[in-house]
Every structure is written in C-alpha cells, then in structure tokens.
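Residue strings, one per chain:
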Amino acid sequence: MKEVIVHPERCVGCMQCMLACAAAHSKTGTLISAISESPRPGPRIHVGAGLYNEGFPNRCRHCNPAPCQMACLPGAIYRQTTTNTVLINPDVCINCASCAMACPYGVIRYHADPLAPAGKTIAVKCDNCIARQHKGLIPACVEVCKTGALTFEEMDAAMKKKTDQVARSICAEAVPADNAPGFSLLNTIKRAQKEINLSR
Amino acid sequence: MHYVIIGNGVAGVTAAEAIRQIDARGQITMISDETHPPYCRPMISNLLEGAVDVSRLPIRGPDFYDRLSITPALGSRVTSMDINADTVTTQNGRTFPYDRLLIAAGADPRPVDAQGMDLDGIFFMRNIAQVQDMIAALADTRHALVLGGGLVGFKAAYSLLKRNIAVTMLIRSGYPLSMQVDETAGEMIQQVLCDHGLTVRTGISATAFEGNGRVQSAHLSDGSQIPCEMAIIGKGVFPAHGFVPADRIDTDAGILVDDHMATSAPGIYAAGDVAEHIDIARQKRWVNAIWPEAAAQGRVAGFNMAGQALAYRGSLSRNVMRMFDTDVMTAGRVSPRDTDETCRFFSAHDPRRGTYRRLVFEDQILAGFVMINQIEQGGVLTSLIQSRTPVKISAQHLLDPGFNVSRLIGR
C-alpha cells in the first residue's frame, strides 16, 4: 500500500499543496470554483515556517494507535485499515477539541466544511485523499508538489531508501552526501538572512 | 481465568477490550450500578445543553457485552470485597469470585455541607440519570445556582445559559477554575460567561436550601438569600474506594497503583478515577480523574491482567473547553497552587485577538500551559509535557501564534 511520505528538507514553503488540498476537499473539486464556495474549503495540510523560515509541510501522520482516536469523546474518529487512514465522521463529531489536545503534531483544524453537514463546525484533518484514491488518483498534495517534498510511495521501499542513506552516511569512507543540494543552499540562505536580521 | 471488572466506565471498557485482545476465552464479568450501556461521561454536559440527545452518548455499539462475551451485572454497586476469598459483593447481595480483579469504580461527587440538601431540584452532575432528572426539572426553572467554579460547575453553567436560564455561580476561591488556570485566564473565562448572562460571586458558599418539597431559595454564607429552583453541586469528586479494605490494599486519596496498574494486593488492579499513579508534570503521586487518562489506564490494566506486560507512563491533568466563541485548553501545572519560585513563566496576551497563553517551565522541561483561543497546536505542548523533552528553543517561539511543530525539530 502506498502512503504519503514527507521530505521536509525539500520543502520550499510554496504552499501549493495547501491550495490543492483545499480544492480536492471542496464540493466542486477545482480551485477556481472552490474559492467561491460557502463554506470555503480549508486545507488539511499546513505549511508552517521553521525557526529559520524554512518550509515544513505538516500533515496527519495517521498514527497507530492514534492519540486523537483514543481521546475522541463521541467516538467519531476511526481507522480505515484498508488504507491505513485515520478518519473523522463529520456526523458524529461534536467539535469538543479533545483531539486538538491529543494530537502531538497539531494538525487538526476546526471549521465548517463542504463535506460536513451544513453549518456544522467539525474537526477536519487529512484523509489521505481516499476519495481521489478510489478514482485511481494520487493524493492532491503529492500531485501538485513540484519539489519532491511530498511523495506517494510504498512505505517499505521508502524506509529502505532512507536506511540506505543513513547507512552510507555512517560508513567510514563516506563523503557527506547532500540528499537535496539545491534545497540545502536555499535553507542556508534563509537561515543566514534570519540571523542577520536578528543581529541587527 | 475469571476476570471481574468493577465499573463500566471508559476504564472498564478499555480494560475489557485489552483483555479480549490477549485472552479470547477467559470469563469477564463487569459490575456497575449504572444500567446504561457504556457511555461517554464528559458528554453529559452536552446532553444538559441540549446539543446531543442520549442516543449519542454510548461509546460502543449496543452489542458491546455480547461481542466481547462479557457477563454484565448492572444496577447494583460493589459494597464489599473479601481478599482472602477473592470475591466481591454488591449491594443487592450478589457475590462474584475472581482470579483477576480490576477496580475501575470511578469517583463520586463531593457533597456539600448545607441544610436542606434533600430538597428536589438539587443535583449532582455525574451520570446520565442525574442529567435526565435535571432536564425534566428545567421547565419549572428560571434561576439556577451552581456551587463550585471548577470544570463541572462551568460546564453546568454554560449548558444552562444555553437553555436561557439565569445562572448564579458561587465560588469559594477568588476566581473560577482556580485548580486549572492562573488568575488572568480565570478572569478571561469568567468574563466570557458573564457577557452571556452568568452572575459570579466569589469568596462565598451556600449554607442552606429552602423550599416546600422543591428548592426555592438558598441562604449564602454572607447572610443573603437568593432565589433558585435548581442547584447543581460541582465541588469536585473523590475516588469511590470505600469498599476497599485499606489494611490490605494501599490507598491514599486513590488506590495506589504501580506502572502496571497493579495494586499492592496480588491479582488486583485499579484504573481510572479511582486510581492514583504518578502525575508527569508534578512528578509525584496524584489522582487525575479525567476521561483520557481513564481510557489509557484501563487499556494498560487490561493487558497486564491478561499477562501482557505493559507500562503506563503516568498521568497528566488536562482539559479543553469551548464556551460560546472562546476556547480554553490547559494541561499540567498552571495554577498558582501548583507552581513556585523554581518555575519560569512566559506569557503572551493579545486582547485584540482575545488570545492568552501562559507557559510554565521547570528548567528546560515544560510543566504546564494554559491557552485561550487559537488552541489548535495545544496538543504539541501537551506532548512536550508528557515526554518531558527538554525544550532547547526560546519559549517565545512556543508563544508565537505562528508556532508549529517544525520549530521543535533540529535540522
């Protein structure tokens, strides 16, 4: 089963994933019409700025066991085992924010949503685009990401790739490999700018 | 193997589910004085508010007992236990033998010392039946009195305000939620409810209730009198372990348990509001009678009872409330009664946005916080307290409204 993998070191903070996510979770499904919908669809991936303004795409990790699921008062949060996805049933959610207190990554938002009962404020988070996946599409955030910060891969293969990277880096003859050279330069510049501004 | 679980609250339920994950064949008996199917206790305030009906409260399907092959024994609470004979006995005289016992008996509301407590219209708010009685009494209620400015008091007051009932809250201490938050946050919360019609009186308590069958007025400690057709007692709870022989099982405020939720008596475990483990933020023994900890403790107890060793990391006091357009989240040590001069405090108050944050540090370890509004990232802070991870970045970053988890990650 493929899953969304985040490579934060490659994120330039362009926020296109947020737009694509909101559009994918709108009633009409396209960005141009989604912006005039009411309620306006919200993103379920949140690009934040790190300490040096480097981008960071923050999305639900679909933890197992999921702290939000265990904390959910009305039992609205459940796991769809076929896609390894933690989902929130908008009909059952009571907007109590118990999941906000439980989520160690801070990825749940609370608002009216096009896919929820009209006028009801509910907890909203990443659903791995399972509606798109049913149509044979990949998650919208991955599709739109231009830098490879978000990929859709078999977890085992992705783990193997990362393990190999780590193994190479600790080998005695290893030359320190930069896995994302352009991005490292960009983030170094951002960091320098921030530090210069701070020292002024 | 015969497992007996005292209590069908969330601790008992998660324990039974954990046992069944390991042991499909052992016999499980669940004893409770409540006859409702297992339900979500914190949601009784939503029931009082009228936001949900009673059908929304069960936390498991109607087939819960059948599905897990549990024998329910409902309607009568356990009143005694015989540790030598390995049995527990209920009020109606039934005796249950056990090989492994879980005490998840929960807590009982703390009574108040006032005259006329037997009048109709005076309620505790602890279970569905009490809230259903309150709802039945709402039609004849114009003024309600809430005793206590804690979480239950606030939720009761909020629910009654939503039902357009005039509510007066009596608080013995100087500001509401004084066990959970600092004075600034307490006053902000009080202001929200006062803006919606709540009357708050601090440093005062009720001494007597008067009425002809049903309560009509209350006498207060300052000598004044106040009309009320309903009074709700929200003065906290105490662990319901009166039936536990204190000479055989170590108890303090609650039943003392180790990391495996085992009591000092072999084969006997405790979990939920009745159990006393270590508080992570305070680093000492503490009863945290809250729903998420009860769920977590029940699960750990169940695995250990069925023979799968699993350790519990300790409990953390925490709460989140939404009242009108204001959200409050708090965890760990924030109240002045829980902090001292060894703590470092950081706070940010933005009156224009209506936000407030206060962080309490012990060296580099986050020990507590309160947030008013913009609470979405609160779970990150909660998890910092729980993991006791030293925070290497400036506390100002955690106060920043643009804060996100990436700021904690070193590159």
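Just so it is clear, the structure is predicted and the values come from calculations on it, not from any experiment.

Procedures and definitions
- Residues numbered from 1 in each chain as written.
- Chains lettered and ligands numbered in written order.
- Predicted model: local features only at pLDDT ≥ 70, side-chain atom pairs only at ≥ 80, totals over all residues.
- Heavy atoms only, no water.
- Helix = DSSP H or I, 4+ residues; strand = E, 2+ residues; numbered from the N terminus.
- Rg over C-alpha atoms; globule rule 2.2 N^0.38 Å.
- Contact = heavy atoms within 4.5 Å.
- Areas by Shrake-Rupley, 256 points an atom, 1.4 Å probe, with all protein chains shown as cover.
- Polar contact = N/O pair within 3.5 Å; in protein donor to acceptor, adjacent residues only side chain to side chain.
- Domains from an automatic or database assignment.
- Buried area = accessible area lost by both parts, 1.4 Å probe.
- Pairing = 2+ DSSP bridges.
- Axes fitted to C-alpha atoms, helices over the stretch in contact; angles between N-to-C directions.
- Salt bridge = Lys/Arg side-chain N within 4 Å of Asp/Glu carboxyl O.
- Buried < 20%, exposed > 50% of the residue type's maximum accessible area, 1.4 Å probe, protein only.
- Parallel < 35°, antiparallel > 145°, perpendicular 65-115°, else oblique.
- Left-handed = near helix turned anticlockwise from the far one by under 90°.
- Nonpolar A, V, L, I, M, F, W, Y, C, P; charged D, E, K, R; others polar.

Engineer: Whenever I open this one, the overall build of chain B confuses me. Can you help?
Structural biologist: When helices and strands are tallied, chain B shows 9 helices and 26 strands. In summary, chain B has a C-alpha radius of gyration of 22 Å against a globular reference of 22 Å for 411 residues, a match within 12%. Referenced to the eigenvectors of the C-alpha coordinate spread, the extents of chain B come out at roughly 70 × 60 × 40 Å. The contacts of chain B with a sequence gap of at least 6 include a subset with a gap of at least 24, amounting to 62%. Surface accessibility of chain B: about 16900 Å² in total, with carbon and sulfur atoms responsible for 45%.

Engineer: What exactly am I supposed to notice about the side chain of Asp279 of chain B here?
Structural biologist: All names here are of chain B. Structurally, Asp279 is set in strand β20 (residues 275-279). Polar contacts involving the side chain of Asp279 include one to the main-chain amide nitrogen of Arg282, which spans 2.7 Å. Residues within four places of Asp279 in sequence aside, it is in contact with Lys284, Trp286, Asn288, Ser315, Leu316 and Ser317.

Engineer: Before we go on, may I ask you to explain the domain arrangement of chain A in this structure?
Structural biologist: One frequent convention defines the size of an interface as the accessible area lost when the parts assemble. Residues and elements named next belong to chain A. Considered domain by domain, chain A is made up of domain 1 (1-57 + 128-200) and domain 2 (60-125). Computed over C-alpha atoms, the centres of domain 1 and domain 2 are 22 Å apart. Taken together, the 14 residues of domain 1 in the interface contact 17 residues of domain 2. Summing the contributions of domain 1 and of domain 2, the shared interface buries around 1300 Å²; its carbon and sulfur component is 56%.

Engineer: Help me understand the sheet that holds strand β2 (residues 27-32) of chain B in this model?
Structural biologist: Strand pairing within a sheet occurs via backbone hydrogen bonds; the two strands may be parallel or antiparallel. All names here are of chain B. One open sheet accounts for 5 strands, arranged β3-β2-β1-β7-β19; its pairing is parallel. The open sheet has two edge strands with one neighbour each: β3 (70-74) and β19 (268-270). If you compare each strand with its neighbour and ignore which way they point, the axes differ by 20 degrees on average. Together, β1 (2-6), β7 (100-103) and β19 form the strand contacts of helix α7 (residues 291-305), whose direction differs from that of β7 by roughly 170 degrees.

Engineer: Even after reading the chapter, I still don't get the domain arrangement of chain B, so can you show me in this structure?
Structural biologist: All names here are of chain B. Split by domain assignment, chain B resolves into domain 1 (2-108 + 237-305), domain 2 (122-233) and domain 3 (319-408). The gap between the C-alpha centroids of domain 2 and domain 3 is 29 Å. Carbon and sulfur atoms supply 74% of the area buried between domain 2 and domain 3, which totals about 1700 Å² over both sides. For the domain 2 face of the interface with domain 3, the top three residues by lost area are Tyr158, Asp182 and Met188, together amounting to 28%. Taken together, domain 2 and domain 3 are joined by 1 salt bridge. With its nearest N and O atoms 3.8 Å apart, the salt bridge here joins Asp182 to Arg358. Across the domain 2-domain 3 interface, the total number found is 4 residue pairs in polar contact (both at pLDDT 80 or more).

Engineer: What should I look at first to understand the environment of Asp222 of chain B in this one?
Structural biologist: Residue and element names in this part refer to chain B. Relative to the assigned elements, Asp222 resides in the loop between β14 (214-220) and β15 (225-227). Residue classification places Asp222 among the partly exposed residues on the basis of a relative accessible area of 46%. C-alpha of Asp222 to C-alpha of Thr207: the two residues are 15 residues apart in sequence and 9.3 Å apart in space. Residues within four places of Asp222 in sequence aside, it is in contact with Arg201 and Ile204. In this structure the side chain of Asp222 is engaged in a polar contact, spanning 2.7 Å, whose partner is the side chain of Ser224.

Engineer: Help me out: how do you make sense of the packing of helix α1 (residues 10-22) of chain B against α7 of chain B in this one?
Structural biologist: Packed helices, taken two at a time, are described by the angle their axes make and the gap between the axes. All names here are of chain B. Interaxial distance between α1 and α7 falls to 7 Å at its minimum, and their mutual angle equals 30 degrees. Accordingly, the angle class assigned to the pair α1 and α7 is roughly parallel. Judged by the twist between their axes, the crossing of α1 over α7 is right-handed. Side by side, α1 and α7 meet where Val10, Ala11, Thr14, Ala15, Ala18, Ile19, Gln21 and Ile22 of the first sit next to Trp291, Ala294, Ala295, Gly298, Arg299, Gly302, Phe303 and Met305 of the second.

Engineer: Whenever I open this one, the sheet that holds strand β23 (residues 326-332) of chain B confuses me. Can you help?
Structural biologist: Residues and elements named next belong to chain B. Taken in spatial order, the 5 strands make up an open sheet running β22-β23-β26-β25-β24, and their pairing is antiparallel. Among the strands making up the open sheet, the edge pair consists of β22 (318-323) and β24 (343-350). Across the sheet, the mean angle from the axis of one strand to that of its neighbour is 10 degrees, orientation sign disregarded. Sheet analysis places strand β25 (residues 355-362) next to strand β26 (residues 365-372), joined by 7 bridges and oriented antiparallel. Following the sheet pairing, Phe361 is matched in β26 by Leu366. In this fold helix α8 (residues 378-387) packs onto β22, β23, β25 and β26, with an angle of close to 155 degrees to the strand it touches most, β26.

Engineer: Help me out: how do you make sense of the interface of chain A and chain B in this one?
Structural biologist: Listed by partner, the interface residues are 34 residues for chain A and 31 residues for chain B. By the criterion of area lost to chain B, the three top residues of chain A are Leu51, Leu73 and Met101 of chain A, representing 28% of everything that side buries. At the surface where chain A touches chain B, the tally comes to 8 residue pairs in polar contact (both at pLDDT 80 or more). For the side of chain A that touches chain B, the secondary-structure elements that each account for two or more residues are β2 (46-49), β3 (55-58), α3 (67-71), α4 (98-102) and β6 (109-112) of chain A. At 4 residues, α4 of chain A tops the list of elements feeding residues into the side of chain A that touches chain B. Split into classes, the residues belonging to the side of chain A that touches chain B amount to 22 nonpolar, 8 polar and 4 charged.

Engineer: Please clarify how the environment of Val200 of chain B should be interpreted in this entry.
Structural biologist: Residue and element names in this part refer to chain B. Of note, Val200 is situated in strand β12 (residues 199-202). When the C-alpha atoms of Val200 and Phe403 are compared, they prove to be 35 Å apart, with 203 residues separating the residues in sequence. When near neighbours in sequence (up to four residues on either side) are disregarded, Val200 contacts Met169, Ile171, Gln190 and Cys194.

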